[in-house]
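Notes for the structure review
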Amino acid sequence: MISESESDSIVSPYSCVQCRVSKKKCDRIEPACTGCARKNLQCSYPRRRKQRRPNETTIATYATPSNNGLDPESRMAVQVLHPVLQPTVTTAADQLLAERFMDPGLFNFVQLKLPKLDLKHLISEQVRALVGGVTGIQAISTSFFQTVHSWMPIVCKHDFARFLIKRITEKEAELFLLVLSMKLSGSVVSDARTEFYRTLKQYSARVEQSGVMSVMVLQATVLIALYEMGHAIYPDAYFSVSQCARYGAALGIDKTIASRGTDVGKWHNLEEARRVWWAVIVLDRFMNLSDPSRQLVTTDPDSTSFLPIDDAEWDSGNHDPETVFTLGSAISMQLGRFARFAQAAHLLSQVLQQAADNSSDTRQIKKTIFSLVTICRIESEMRQLELCTQMALCYSGILVLDDPTFTLYETDQVCNEGLSSEATLILQSALKMTLAFADNVFTKSCCLISPFLPFLIYRVALMCLKSNVNDQMASPRDRPNGEKMKLALQYLRHRWLAADIYLSLVNRFETLQIIQT
């Protein structure tokens, strides 16, 4: 029986939304039915019979923390109304990671640390099969240290073997990512976008999205970027280099080139991180040689930045902080190959700036680059000169200075003055290399060729075609120099598919010359 107070209330013609959702009988009393009033819910009635959902204001009200006191049935009704607005439960690890990025100063001041993440659930059976267990890891690493490591030494050979069991136990997911990237970087393929490559990219994305911050992850990303660059996988290669820079900065290893490091116990970690950051700097500058107007994603080092130590000492595990040189140090034969590679990358920063400004006075930077080339030539006299990666980088920089991309394709402006003395020396080295290719000298050492070489040969080929010097240095029985550079690219594409793309571009340039003549 309805009480006197209830008889004075207004009765709605329809049941309220809350009772409809929870399938409860509603007494339809306005402004709030008895059921909603008892449960302290905000009661709302539809304006017409077909309206079964509350307005946005009502939904927002149900999504507020004040609903914590609801019984399970009512809470379920709110989730049905608008599950997207329910608060997301953040794990402690995610929260700490967010705090580290949002205020790193406070995070470090209160001495917080990121928790160790268990990422084994990310390792699929396919990934395990590609790694092949301990035996597979040993085979992959042996091949890597004999080939790619010779021109991109960013993984310590001594420490990789020493800490292998520890990493399998504690950092299996990151180790597997690094091992598969080592395998990928040394792969000789006829199609760049292989199933292996796609699988590794997906696995790399899952590991990075987990929030783990690890030098091994950055090393893997650098090696993947090298593979993409060498096999002309674009725009992936371009974006991967930027990704390396961002991840490295998040790790804080961009600061390693500013620290000598005196703690012997931690120094090998500092040196490895420093080498990885130098590799990122190298890739960033090399990627922009094709378009000097693009913005670098890494800050240019200064004269006080520390270079990598001698490669042989590092690989042997004999780390001595006292043997570290800076960019401002005099060029010395005590520097390792990778340290000179870093010096070349630093000089490329000046090359890119002057090329972007279309500077006419490039004598000083060319002189500095050739001083480095002289040292590289002495260091490489026991090997094939053209295989020296740092020399390829230096030569590429000089050719960009001689003919930036802004004027390279203006074929109506034929160079009547011939080649500069620097360009002539570069052409001689390139011709010497083509002879070595023709004599199959590089057949056994093809796997040692870095992905930086095809770009140099491409620029030499364009230089030959544009400058009309095809017959200046060739004997009567020799083929034109431009054709020799095309032959060199044909050899290089057996290792790096980017050479095939460069060959196609040379052919297009030749066609353009024919049309414009």
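How each quantity is defined
- Residue positions are given per chain, counting from 1 as you read along its sequence in written order.
- Local features in this predicted model are restricted to residues of pLDDT 70 or higher, and side-chain atom pairs are both shown and tallied only at a pLDDT of 80 or more, whereas totals for entire chains, interfaces and linings draw on every residue.
- Hydrogen atoms and water are omitted, and side-chain values are computed over all heavy atoms in the structure.
- A run of H or I in DSSP becomes a helix once it reaches four residues, and a run of E becomes a strand once it reaches two; helices and strands are each numbered from the N terminus.
- Categorising residues by exposure relies on relative accessible area from a 1.4 Å probe, with only protein chains included: less than 20% of the type maximum marks a residue as buried, more than 50% marks it as exposed, and the intermediate range marks it as partly exposed.
- Every residue pair with non-hydrogen atoms within 4.5 Å of one another is taken to be in contact.
- Note on areas: Shrake-Rupley with a 1.4 Å probe; residue coverage comes only from the protein chains shown.
- UniProt positions are given in the numbering used here, feature names are shortened, and annotations may be inferred rather than shown by experiment.
- Helix axes use the C-alpha atoms of the stretch in contact, all axes being lines fitted to C-alpha atoms, and the angles between their N-to-C directions lie in the range 0 to 180 degrees.
- Roughly parallel here means an angle under 35 degrees, roughly antiparallel means over 145, roughly perpendicular means 65 to 115, and every remaining angle is called oblique.
- Handedness of each helix crossing follows the sense of rotation of the near helix against the far helix: counterclockwise by less than a right angle gives left-handed, clockwise gives right-handed.

Going by an unreviewed UniProt entry, the chain carries the name Zn(2)-C6 fungal-type domain-containing protein and comes from [Torrubiella] hemipterigena.

Further remarks concern the overall build of the chain. Across its full length, the chain holds 25 helices and two strands. Residues classed as buried in the chain amount to 49% of the 517 residues present. A sequence separation of at least 24 residues applies to 70% of the contacts in the chain between residues at least 6 apart. Carbon and sulfur atoms make up 53% of the accessible area of the chain, which amounts to about 26,200 Å² in all.

What UniProt calls "domain: Zn(2)-C6 fungal-type" (unreviewed entry) maps, in this numbering, to residues 15–45. The distance separating the terminal C-alpha atoms of residues 15–45 is 7 Å; by composition the span is 32% helix and 6% strand.

Below, the discussion takes up the packing of helix 9 (residues 133–146) against helix 12 (residues 172–185). Helix 12 packs onto helix 9 with a crossing angle of 50° between their chain directions and a minimal axis gap of 9 Å. When the interaxial angle is binned, helix 9 and helix 12 end up oblique. When the axes of helix 9 and helix 12 are compared, the crossing they make is left-handed. Between helix 9 and helix 12, the residues in contact are Ile137, Ile140, Ser141, Phe144 and Phe145 and Leu175, Phe176, Val179, Met182, Lys183 and Ser185, respectively.

This part takes up unusual backbone geometry. At the junction of Glu30 and Pro31, the peptide bond is cis and its omega measures out at 10° in the coordinates. Along the chain, Pro31 turns up in the loop between strand 2 (29–30) and helix 3 (34–38). Along the chain, Tyr234 connects to Pro235 via a cis peptide bond; the corresponding omega equals 5°. Relative to the elements of secondary structure, Pro235 occurs in the loop between helix 14 (215–230) and helix 15 (236–251). One non-glycine residue, Gln111, adopts positive backbone phi at about 60°. Relative to the assigned elements, Gln111 resides in the loop between helix 7 (104–109) and helix 8 (125–131). We note that Ala232 has phi near 55°; this positive angle belongs to a residue other than glycine. Mapped onto the elements, Ala232 comes out in the loop between helix 14 and helix 15.

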